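# Structural description and commentary
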Amino acid sequence: MSLRDWFRWGRRRPVEEEAPVLDALLAQAARAGSYADRVDWLRDALRWIGQDIADPRDESGIGRAHARVRFLLQLAARGTPAGQTVRQQLAQLLMEVDIEQIVINGGVSRRSGFVKELYERVLAAFLPKPDYRHDATALAVNLLSHRRTIVWIDLLPGEQASQLAQLFVDEGTQARLQPQIASGMLTIASEAQAVGLAQEVRRRLSDQSALTSPFGQLVGAVEAFIAAADARRQAELNSTLERCEELLGTLESHFDEAGVSVDLVYRGERTRAQLKKLRSLAQWLVGEEPLHILRQVMNGVRREVELRGTAALVSENMRLLSRRIAERNAETGEHYIATTRAQYRTMLGISVGGGALMTLAVYIKFGIAAAHLPLLWDGVLASLNYAGVFVLIALAHFTVATKQPAVTAPALAAKMRDLERPGRIDALVGEAAALVRSQVASVFGNLVAVAPCALGVAALWWLAAGQAPLSEEKARYVLASQSILGPSFLFAAYTGVLLWLSGLFAGWADNAFTLRRLDEAIATNRRLVRRIGPERARARAVWWKANIAGLAGNVGLGVMLGLTPDLFLFAGVPMEVRHVTLSTGQVAVASFTLGAGILATAPFWLAVAGLALIGALNVGVSFGLALRLAMRAVDISPTDRAHVYSAIRQRLFSRPLEFVWPPRDEPRSALPEEAR
């Protein structure tokens, strides 16, 4: 009977009846004459120990696993030939494993840069994996990362953990372990010091001098500890590590003024993990409890499992960049939230201006479509049309309603901190109501302007040319394409995604502008200063710094609206964009072409219903995606989110008019100044 058959035989039987399985394991241990044999034997032993554990809450299965561990420990303690074989195999395996490699690499990212690390992980996900037994870190993960093994080791009593550690460590292995751990500590300290003293890192830290930086003293502190591993030297090393961690903590605070670099975020997190590991290894050398060592080893195994996936790497290192984008969009979004009636009227005014200028995009789009250009040039000209009009609206200080959710949602999420403070949730709900009515005002202003302007241009066209701007066939096609019964809802949701992406692009551009210090480059450019003077050069730099996000977001949105439908069409996917302001202008022109009689027909009202749905999806999808990203970026817990959503629903049912029109007694922002 094979060992696998013995495992099946022993499942859920009393532990005392598993003697045949234990005998098979002992026979396998006696035959193990090579490193590979010892690894296979240990893997089978771990599988046997944890085979009955069904889930982390299976107390019965965990108890049986611990009983099997006691069997092995009692067997090894008797001094019998079988017990001596178990001790020898475990001690010999530890002698053959490269402990220094595990110490240096275990639980820490391998590469010194984000792009290199991402590249290696992507390759590892697709390429065949080499024999894990020749990689000490991979060996530890392969043996210890199974969920059953993790469960019973995590709950192993301290006495059994000490006895289990003694099976691996004898006089020979102890003499070999300490130099390897010390060597690994010195390597880790050297790598952390190199990062902490790198110029691009130091200029973002509060202490920028290499002479006074604790990173400059790190290797010396480790060397002093290794020379005399006692409590005093350990305390000195821990003090240096604490100062390094405190200094590393200032790196994040400088991202607001200097911009976020994903590579620096990655290097900072990697260095922080190395400092934490140095503290643990120092404790090992001065006599850490075996149970604590076992817990730290298992935590390292969990961390190593996470490090072998690309999702964890991207998620961890994009968090700060997402927060920077969200915060930049929040600053922009503050300008689009009307809290007083005066601000509400101002919002209506700039929305009317934006809607009027969108009439240009409507007619230029009709002209491009009438030219029947090749697919590529049609997309390029459409992109120039949208981007040009959006930039013109921004420079005129007008607004397009559908672009606001991508920046107003982060403004709301940025205030979802300290919700336990008295009155904080009520104030936040008031801010949410102000945001919604601001959006309502913007949409209303855009639509109330674009439709009359489009009709006015159509009337002038008819007076000048003697015919309507569109043919009857084209006009009927326009109404049918906006119908609520067609695929417009899919196209509108897709457009909402593009609107959200434009907000991300705006925040990314602002971060890149700050990170590269382009405002300084513009202000000090010798050729520019010589031509227009230093004062005007500085003024130009300030203008670009203030407007780069808006310009980048508008240009990015225009390119996406114009090009992505043609790219989808090239791939055989019929995708279109449905922007509520543009669609409203198109329906107005089509209705003028078909005459007043069209107002009494079903196609017209289906198109009107479609416009309402398009507007809701444009705003809703963009706002929802932006709010989700912003809340994750600023670490809003699911519980806090649920409280906020519940409070907003209650306010909506109790005072619905507040979400449409500002109350008379609200003279300023919904959030008190000290809470903003």
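Up top is the structure these notes are about.
Residues numbered from 1 in each chain as written. Predicted model: local features only at pLDDT ≥ 70, side-chain atom pairs only at ≥ 80, totals over all residues. Heavy atoms only, no water.

## As for the pattern of salt bridges
Which entries qualify depends on this criterion: Throughout this description, the term salt bridge denotes a Lys or Arg side-chain nitrogen within 4 Å of a carboxyl oxygen of Asp or Glu. Counting from the N terminus, the helices are DSSP H or I runs at least four residues long and the strands are E runs at least two residues long.
Overall, the coordinates contain 14 salt bridges when judged by the stated rule. Linking Arg-43 and Asp-40 is a salt bridge whose minimum nitrogen-to-oxygen distance equals 3.2 Å. Separated by three residues within a single helix, Arg-43 and Asp-40 lie in helix 3 (residues 35-49), roughly one turn from each other. Taking the shortest distance from any N to any O, the salt bridge between Glu-191 and Arg-270 comes out at 3.4 Å. Here Glu-191, found in helix 11 (residues 171-196), pairs with Arg-270, found in helix 16 (residues 262-285); they are 79 residues apart in sequence, far enough to count as distant. Overlapping salt bridges bring together Asp-52, Arg-64 and Arg-68 as one network.

## Structural notes on unusual backbone geometry
Residues other than glycine seldom take positive phi values, yet His-372 does so here, at roughly 55°. Within the secondary structure layout, His-372 lies in the loop between helix 19 (341-371) and helix 20 (375-395). With a phi close to 65°, His-397 is a non-glycine residue in the positive phi region.

## What about the environment of Ala-65?
Stated formally: Classification of residues uses two cut-offs on accessible area relative to the type maximum, computed with a 1.4 Å probe and protein chains only: under 20% is buried, over 50% is exposed, and between them is partly exposed. The contact criterion used is simple: two residues touch if any of their non-hydrogen atoms lie within 4.5 Å.
With respect to the helices, strands and loops of the structure, Ala-65 is situated in helix 4 (residues 59-77). Given the relative accessible area of 0%, Ala-65 is considered buried. For the pair Ala-65 and Arg-148, spaced 83 residues apart in sequence, the C-alpha to C-alpha distance is 9.3 Å. Once you skip the residues sitting within four places of it in the chain, Ala-65 turns out to touch Ile-49, Gly-50, Ile-53 and Trp-152.

## What about a nonpolar patch on the surface?
Rules: Like charges within 9 Å and nonpolar side chains (Val, Leu, Ile, Met, Phe, Trp, Tyr) within 5 Å are joined into patches, using only residues over 30% in relative accessible area that form no salt bridge. Surface accessibility in these figures is a Shrake-Rupley result with a 1.4 Å probe; residues are shielded only by whichever protein chains are displayed.
Among the surface-exposed residues, Leu-373, Leu-376, Trp-377, Leu-381 and Leu-384 lie close enough to one another that they form a single nonpolar patch of about 500 Å² accessible area. When you line up the elements, Leu-373 lands in the loop between helix 19 and helix 20. Taking the relative accessible area as the measure of exposure, Leu-373 reaches 33% and is therefore partly exposed.

## Some details on a positive patch on the surface
Short version of the rule: Only four residue types enter the charge count, namely Lys and Arg as positive and Asp and Glu as negative; His and the chain termini do not. For charged residues, the charge sits on one atom: NZ in Lys, CZ in Arg, CG in Asp, CD in Glu.
Positive charge collects at one region of the surface, where Arg-526, Arg-527, Arg-530, Arg-531, Arg-536 and Arg-540 lie side by side. Counting only elements with at least two residues in the positive patch, the list comes to helix 26 (526-532) and helix 27 (534-570). Element by element, the count of residues in the positive patch is highest for helix 26, at four residues. One can find Arg-540 in helix 27. Exposure remark for Arg-540: the relative accessible area of 37% places this residue in the partly exposed category.

## Notes on the packing of helix 20 against helix 27
Short version of the rule: Angular values range over 0 to 180 degrees, each being the angle between N-to-C directions of two axes fitted as lines to C-alpha atoms, with helices fitted over their stretch in contact. The cut-offs work like this: below 35 degrees is roughly parallel, past 145 is roughly antiparallel, 65 to 115 is roughly perpendicular, and the gaps in between are oblique. Crossings are classed by handedness, with left-handed meaning an anticlockwise turn of the near helix from the far one by less than a right angle and right-handed meaning a clockwise turn. Basically, the charged four are Asp, Glu, Lys and Arg, the nonpolar ten are Ala, Val, Leu, Ile, Met, Phe, Trp, Tyr, Cys and Pro, and anything else, Gly included, counts as polar.
Across the interface, helix 20 lies against helix 27 with an axial gap of 8 Å and an inter-helix angle of 155°. Overall, the two elements helix 20 and helix 27 adopt an arrangement that is roughly antiparallel. Pair helix 20 / helix 27 crosses with right-handed handedness. Residues of the contact of helix 20 with helix 27, tallied by class, amount to 18 nonpolar, five polar and two charged.

## A word on the nonpolar core
To keep things clear, this is the line we draw: Throughout, nonpolar core names a set of buried Ala, Val, Leu, Ile, Met, Phe, Trp, Tyr and Cys residues whose side chains join them through atoms within 4.5 Å.
By size, the foremost hydrophobic cluster in this structure holds 70 residues, and its most contacted members are Trp-152, Met-185, Leu-218, Leu-237 and Leu-275. In terms of residue count, the dominant contributor to this core is helix 3 (eight residues). In this structure, Leu-237 is in contact with Met-185, Ala-221, Val-222, Phe-225 and Ala-282, ignoring residues within four places of it in sequence.

In short, the description is geometric, and any link to function would need to be established separately.
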